[in-house]
Amino acid sequence: MRLLIVEDEKRLALSLAKGLTAEGFAVDVVHDGREGLHRASEGSYDLVVLDIMLPGMNGYRVCGALRAAGHDMPILMLTAKDGEYDEAEGLDTGADDYLTKPFSYVVLVARIRALLRRRGRAAASPVLEVGGLTVDTAARRVTRDGAEVVLTAKEFSVLEHLAVRAGEVVSKAEILEHVWDFAYEGDPNIVEVYVSALRRKLGAGSIATVRGAGYRLVAGRA
């Protein structure tokens, strides 16, 4: 799942990004409303965390512009304000939820997961099944032939992306973009490391390598 944080308080934005990355999300951060609108319009984000008081263009206008352009990703608005009028204005522009600063990080993560689950239920079942492999995207739980397989947050995110497109070839670049983030500049071979880890846990034949193209989840074991 890819998230975009549009927040001009840099310390807060980076703190949220660090925490959400540890939860298994790929997170991009921008600090300006216009840049946030551009990035959200051009990128394939699953959710946007959007502050209201932003330089360049405020969150209300960013949200309204995204909805007017037909973008339907969930938007969670953040603000230091706490009046009913402000909340109503945010929701009227198309926001899906609203959180007032200061807020609990635990509550923020719960709201994000709830919005993603709601979107997932509208789009497809949160439980993906490939052969004897079951990936519960809501509970973030994986079982193989009924036995639970314990994965790290990043391992789960890689597997989830492959499971959503089970049977299709998914390129290394696509996995990097969806599981890490837009600005990842590390070794692209990190994908191979996580695929190898998944094979050890799920079975060597669970993920096929398609030379020069990417990986395909096939749910084999041997």
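The protein chain carries the name Response regulator transcription factor in an unreviewed UniProt entry, which gives Streptomyces pathocidini as its organism.

Let's shift gears to the packing of aromatic side chains. Within this structure, the stated rule accounts for zero aromatic pairs. Directly above the aromatic system of Tyr45 lies the positively charged group of Arg2, at a separation of 4.6 Å from the ring centroid.

Attention now moves to the packing of helix 7 (residues 172-179) against helix 8 (residues 190-202). Put simply, helix 7 and helix 8 touch, their axes get as near as 10 Å, and they point 90 degrees apart. Classed by the angle they form, the pair helix 7 and helix 8 counts as roughly perpendicular. In this structure, helix 7 contributes Lys172, Ile175 and Leu176 to the contact, and helix 8 contributes Ile190, Val191 and Glu192. Looking at the contact of helix 7 with helix 8, its residues break down into four nonpolar, no polar and two charged.

What follows is about the sheet that holds strand 3 (residues 47-51). Ordered in space as 2-1-3-4-5, the five strands form an open sheet in which the pairing is parallel. The open sheet has two free edges, formed respectively by strand 2 (26-30) and strand 5 (97-100), since each of these has just one partner strand. Along the sheet, successive strands turn relative to each other by an average axial angle of 20 degrees, direction set aside. Across four bridges, strand 4 (residues 75-79) lies against strand 5 in parallel orientation. Its bridge partner lying in strand 5, Leu76 is registered against Asp97. Across the face of the sheet, helix 3 (residues 59-68) comes into contact with strand 3 and strand 4 while running at roughly 170 degrees to strand 4.

Take the pairing of strand 11 (residues 214-217) next. Inspection of the sheet shows strand 10 (residues 207-210) paired to strand 11 by four bridges, in the antiparallel sense. Bridging across to strand 11, Val210 finds its partner in Gly214. Hairpin connection, strand 10 to strand 11: the antiparallel pair is bridged by three residues, and Gly212 has positive phi, about 80 degrees.

The next thing to look at is the environment of Val170. Tracing the backbone shows Val170 in the loop between helix 6 (153-164) and helix 7. Take Val170: its relative accessible area is 0%, and that puts it in the buried class. Val170 sits 44 residues away from Gly214 along the chain, and the two C-alpha atoms are 5.2 Å apart. Val170 has contacts with His161, Leu162, Arg165, Ile175, Ala213, Gly214 and Tyr215, leaving out every residue within four places of it along the chain.

The next point concerns helix 3. Within the sequence span of helix 3, burial applies to Gly59, Tyr60, Val62, Cys63 and Leu66. Across the axial projection of helix 3, the buried residues extend over an arc of 165 degrees, all falling on one side. Put simply, Asn58 is the residue that caps the front of helix 3, since its side-chain oxygen is 3.0 Å from the backbone nitrogen of Tyr60. Where helix 3 terminates, the next one or two residues include Gly70, which has phi positive at roughly 90 degrees.

Right, let's talk about the sheet that holds strand 6 (residues 127-130) for a bit. Pairing is antiparallel across the open sheet formed by four strands, whose spatial order is 6-7-8-9. If you trace the sheet from one side to the other, it starts and ends with strand 6 and strand 9 (147-149), each paired once. Averaged over all pairs of adjacent strands, the angle between their axes in this sheet comes to 25 degrees, without regard to strand direction. Strand direction decides the pairing type here: strand 8 (residues 141-144) and strand 9, joined by three bridges, are antiparallel. The partner of Val142 across the bridge, within strand 9, is Val149. Sitting on the sheet, helix 6 is in contact with strand 6, strand 7 (133-136) and strand 8, with an inclination near 110 degrees to strand 7.

Time to look at the pattern of salt bridges. The tally for this structure, following the rule as stated, stands at 14 salt bridges. Salt-bridge contacts for Asp28 lead to Arg39; the nearest nitrogen and oxygen are separated by 4.0 Å. Here Asp28, found in strand 2, pairs with Arg39, found in helix 2 (residues 33-42); they are 11 residues apart in sequence, far enough to count as distant. Take Arg39: its relative accessible area is 17%, and that puts it in the buried class.

Calculation criteria
- Residues numbered from 1 in each chain as written.
- Predicted model: local features only at pLDDT ≥ 70, side-chain atom pairs only at ≥ 80, totals over all residues.
- Heavy atoms only, no water.
- Phe/Tyr/Trp six-rings, centres within 6.5 Å; stacked < 30°, edge-to-face > 60°.
- Lys NZ or Arg CZ within 6 Å of the ring centre and 35° of its normal.
- Axes fitted to C-alpha atoms, helices over the stretch in contact; angles between N-to-C directions.
- Helix = DSSP H or I, 4+ residues; strand = E, 2+ residues; numbered from the N terminus.
- Parallel < 35°, antiparallel > 145°, perpendicular 65-115°, else oblique.
- Contact = heavy atoms within 4.5 Å.
- Nonpolar A, V, L, I, M, F, W, Y, C, P; charged D, E, K, R; others polar.
- Pairing = 2+ DSSP bridges.
- Buried < 20%, exposed > 50% of the residue type's maximum accessible area, 1.4 Å probe, protein only.
- Arc of directions from axis to C-beta.
- Polar contact = N/O pair within 3.5 Å; in protein donor to acceptor, adjacent residues only side chain to side chain.
- Salt bridge = Lys/Arg side-chain N within 4 Å of Asp/Glu carboxyl O.

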